[in-house]
Every structure is written in structure tokens, then in C-alpha cells.
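Overview (structure and organization)
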Amino acid sequence: MVEKKTAGYYIIQGTFVVILVLLALSCLLPLLYNLAVSFSSKEAAEAGLVAFWPVDFTLNAYKEIMGEKAFFVSFLTAVKRVALALLITLPVLTMAAYPLAKSKHEFAPRNMILWIFVFCMLFSGGTIPWYIVMKAYGLTNSVFGLAVCGGIPVFNLILMVNFFQDIPKELEEAAMVDGAGAWYILTHIVVPLSKPVLATIALFTIVTHWNDFFQGLVLSTGEKYYPLQTYIKQLIFQVDTTTMTAEQIKQASMMSNTTMNAAKIFISMVPVLCIYPFLQKYFVTGITLGGVKE
């Protein structure tokens, strides 16, 4: 049967298109604005003259951020931190979520362990006890410390538990009949079927560790140990004019917090924007199938 498209149909379709375009612009325009501000002069940015195109084009903000060796050292530290966090977080979450996805009859302490995780997600001991523990284990000034300092991300654990519960039990039962053990089932059946949730959690982990600056600030005692976000955050507040040349002082006077902040935001977004297209096809499936059930 051929569907007859009336005028009302085209009005509704056109309305949906307009709404989606407006939503897309609401996401894109802030990015364009920050990019334009970062390339604009101090005077134009402070006067609010910048819209979506640079005014008095300049690269001073980027030169200040990237003109020192410390920037590239901190960038490498951030990359190491993210890579190490992925290597630790994904296997740990997978091994924790698999037994917790079982029923209470299959794994008796399931509910108690889940409640402990949820309690730890809602309540923490505070920054000072956390720092004391990290220092006692020698995890300050360490990339490994930055990778594990957040502990187990409980929200991601709950996503993975719910995703595992959606995997048909018949697959595991058939594997058990053939003599497969728990490790074989996990590595050869469950994990290959869990690409959506693994990709989703990987994206969450990358964004969390890449954008964090506070933990690097607390756990690092020197600039050479800073991850990228911590280094950029400190750049504005650690301007010592007594050690600066006349040219450096002149360049610093040509910048403002507005242009520096815009440059920071854009630099911090670029790596995630490059990674997201490769994980996007798994993202929606991982969220919907891993969502908390009623």
C-alpha cells in the first residue's frame, strides 16, 4: 500500500528537521565561539566583540600554552594516564560485573557486594583521607597513581552488570554442557558480545581522565608530573614576571583569561572529538542495554 503524504505530514517532518537543526547548532555554536575567542585579541575578547569569527586574529594564547617543553611533557603524561586507566579499568570492571550479573542463587553475596559499591559511590571519606592513602602506597608523582586514584567507577560497573544480564543465559548453559568453565565463557562468549558497553565505558573513562585536573594537582608536587589539564590550569596562575624576559612580559600583557580559557577548552576537546567518531556506533546501544532496569 502506498502511503499518501498530506500537507500535515510535510509540516510535521519540517518541524522535526528545524528542531534537530536547532539542537545541532546548540551543540556546535559554543565550540565555534570558543574557537573564535581563542584566536582573537585580548581587547576584542574582553570587550565582547567576538561572535563566531575571530577579531584581530592572533595565536598568542596557543603560543603561550604550547611554547614550552612542559606542555608536551604534560600532554604525554595525560596520554599515558588515559591508556593505563583503560588497561586497568576495563578488565577490572569486566571481572567484577560478570559475577554480579548472576542471580542470588548463583552468587550468594551478590546483593551485599552491590550495596557496598553503591554506598561507596554515594559517600566518600573525603579528600584528606584519600590523599593519605595514596601517599602511603607511594602513588604520588606517578602516572599509575593518576590512573587508579579514582577507584572503581561504580556507575560504569552498574551499566556493565545490567548489560551482562541481557545476554541470553542459553549461551552460557550451552557452553557449560560442552565443558566450558567460567573463564572460558567470560573471555570467549561474554566479552565478544559486550563491545557496545565496553566501547561506552572506554569513552567515559577517556573523557573522565583526560578532563580531570584536580587529582593531578593534589597528587603531583612538580610541573613535570602534571597531566595536561593540570598544567593548563596552573599556567594562568603561575606567572612569575621576575623570571620573564621583556618579550614574554609583552606577550603575556596581550592575553587575557578569556582567550586563555577558550584555548584551554578547545585543546582539551580535540583528542576526545577525534576518538568519539570511532566509538559512537556502539555508544547508544551500550547506554540503552546497560541502563538501570525497573
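This is a predicted model, so every value here is computed, not measured.

**Structural notes on the overall build of the protein chain**
Per the secondary structure count, the protein chain includes 15 helices and 0 strands. Here the protein chain holds 294 residues, and 35% of them are scored as buried. Long-range contacts, defined here as pairs at least 24 residues apart, represent 72% of the contacts in the protein chain between residues at least 6 apart.

**Observations concerning the environment of Asn 156**
Mapping Asn 156 onto the fold places it in helix α8 (residues 154–165). Taking the relative accessible area as the measure of exposure, Asn 156 reaches 7% and is therefore buried. Sequence separation between Asn 156 and Ile 201 is 45 residues, and the spatial gap between their C-alpha atoms is 6.2 Å. Excluding residues that lie within four positions of it along the chain, Asn 156 makes contacts with Leu 93, Ile 201, Phe 204 and Thr 205.

**Comments concerning the pattern of salt bridges**
For the coordinates displayed, the defined rule picks out 2 salt bridges. The partner of Asp 212 in a salt bridge is Arg 81, with the nearest N and O atoms 3.1 Å apart. Here Asp 212 is found in the loop between α11 (195–211) and α12 (214–219), whereas its partner Arg 81 is found in helix α4 (residues 69–100), with 131 residues between them in sequence. Each of the two residues, Asp 212 as well as Arg 81, counts as buried. Measuring nitrogen to oxygen at the nearest pair gives 2.4 Å for the salt bridge that ties Lys 102 to Glu 172. With Lys 102 in the loop between α4 and α5 (110–122) and Glu 172 in helix α9 (residues 169–177), this pair connects stretches of sequence that are 70 residues apart. There is no split in this pair, since Lys 102 and Glu 172 are both buried.

**Thoughts on the confidence of the model for the protein chain**
This prediction gives the protein chain a mean pLDDT of 81; 86% of its residues lie at or above 70. Confidence, read as mean pLDDT per element, is least for helix α14 (residues 246–253) in the protein chain (53) and greatest for α4 (90). Predicted confidence is poor over residues 290–294, with pLDDT under 50, and the contacts of this stretch with residues over four places away or in other chains come to 12 contacts.

**Examining the nonpolar core**
Within the largest apolar cluster, 25 residues are counted, with the highest numbers of intra-cluster contacts made by Leu 157, Met 160, Phe 164, Ile 185 and Val 190. By residue number, the principal contributor to this core is α8, which donates 7 residues. Once residues within four sequence positions are removed from consideration, Met 160 is found in contact with Leu 93, Thr 94, Ala 97, Val 197, Leu 198 and Ile 201. Core analysis: the next-biggest nonpolar cluster, separate from the first, contains 18 residues, Phe 39, Tyr 231, Ile 232 and Ala 263 among them.

**A look at the packing of aromatic side chains**
Summed over the entire model, instances satisfying the criterion amount to 9 aromatic pairs. Centroid distance Phe 71 to Phe 75: 6.4 Å. Interplanar angle 35°. Geometry classified as tilted. With Phe 71 and Phe 75 both in helix α4 and 4 residues apart, the pair spans about one turn of that helix. Judged by relative accessible area, Phe 71 falls into the buried class, the value being 4%.

**Describing a nonpolar patch on the surface**
Together, Val 17, Val 18, Val 21, Leu 22, Leu 25, Leu 28, Leu 29, Leu 32, Tyr 33 and Phe 52 line one region of the surface with nonpolar side chains, adding up to about 840 Å² of accessible area. Looking at the secondary structure, you find Tyr 33 in helix α1 (residues 7–38).

**Considerations on the packing of α4 against α8**
For the pair α4 and α8, the least separation of the axes is 8 Å and the interaxial angle reads 50°. Relative to α8, α4 is oriented oblique. Read as a crossing pair, α4 and α8 show a hand that is right-handed. Between α4 and α8, the residues in contact are Leu 93, Thr 94, Ala 96, Ala 97, Tyr 98 and Leu 100 and Asn 156, Leu 157, Met 160, Val 161, Phe 164 and Gln 165, respectively. Here the residues of the contact of α4 with α8 are counted per class, giving 9 nonpolar, 3 polar and no charged.

**Considering the side chain of Ser 194**
With respect to the helices and strands, Ser 194 occurs in the loop between α10 (182–190) and α11. We classify Ser 194 as buried; its relative accessible area is 1%. In contact with Ser 194, not counting residues within four places along its chain, are Phe 163, Phe 164 and Ile 167.

**Here's the deal with α11**
Under the 1.5 Å per step criterion, the end-to-end length of α11 is 24 Å for 17 residues, consistent within 8% with the ideal 24 Å. Within α11, 12 of the 17 residues are buried, leaving the element largely enclosed by the surrounding structure. Among all positions of α11, only Pro 196, Val 197, Leu 198, Ala 199, Thr 200, Ile 201, Ala 202, Leu 203, Thr 205, Ile 206, His 209 and Trp 210 are buried.

**What about the packing of α8 against α11?**
The packing of two helices is summarised by the inter-axis angle and the distance between the axes. α11 packs onto α8 with a crossing angle of 175° between their chain directions and a minimal axis gap of 10 Å. What the angle tells us is that α8 and α11 run roughly antiparallel. Note on element contacts: α11 touches α8 through Pro 196, Val 197, Leu 198, Ile 201, Phe 204 and Thr 205, opposite Phe 155, Asn 156, Leu 159, Met 160 and Phe 163. Classifying every residue of the contact of α8 with α11 gives 9 nonpolar, 2 polar and no charged.

Conventions we followed
- Residues numbered from 1 in each chain as written.
- Predicted model: local features only at pLDDT ≥ 70, side-chain atom pairs only at ≥ 80, totals over all residues.
- Heavy atoms only, no water.
- Helix = DSSP H or I, 4+ residues; strand = E, 2+ residues; numbered from the N terminus.
- Buried < 20%, exposed > 50% of the residue type's maximum accessible area, 1.4 Å probe, protein only.
- Contact = heavy atoms within 4.5 Å.
- Salt bridge = Lys/Arg side-chain N within 4 Å of Asp/Glu carboxyl O.
- pLDDT = per-residue confidence, 0-100.
- Core = buried A, V, L, I, M, F, W, Y, C linked by side-chain atoms within 4.5 Å.
- Phe/Tyr/Trp six-rings, centres within 6.5 Å; stacked < 30°, edge-to-face > 60°.
- Patch = residues over 30% accessible without salt bridge, like charges linked within 9 Å, V, L, I, M, F, W, Y side chains within 5 Å.
- Areas by Shrake-Rupley, 256 points an atom, 1.4 Å probe, with all protein chains shown as cover.
- Axes fitted to C-alpha atoms, helices over the stretch in contact; angles between N-to-C directions.
- Parallel < 35°, antiparallel > 145°, perpendicular 65-115°, else oblique.
- Left-handed = near helix turned anticlockwise from the far one by under 90°.
- Nonpolar A, V, L, I, M, F, W, Y, C, P; charged D, E, K, R; others polar.
- Expected span 1.5 Å × (residues − 1).

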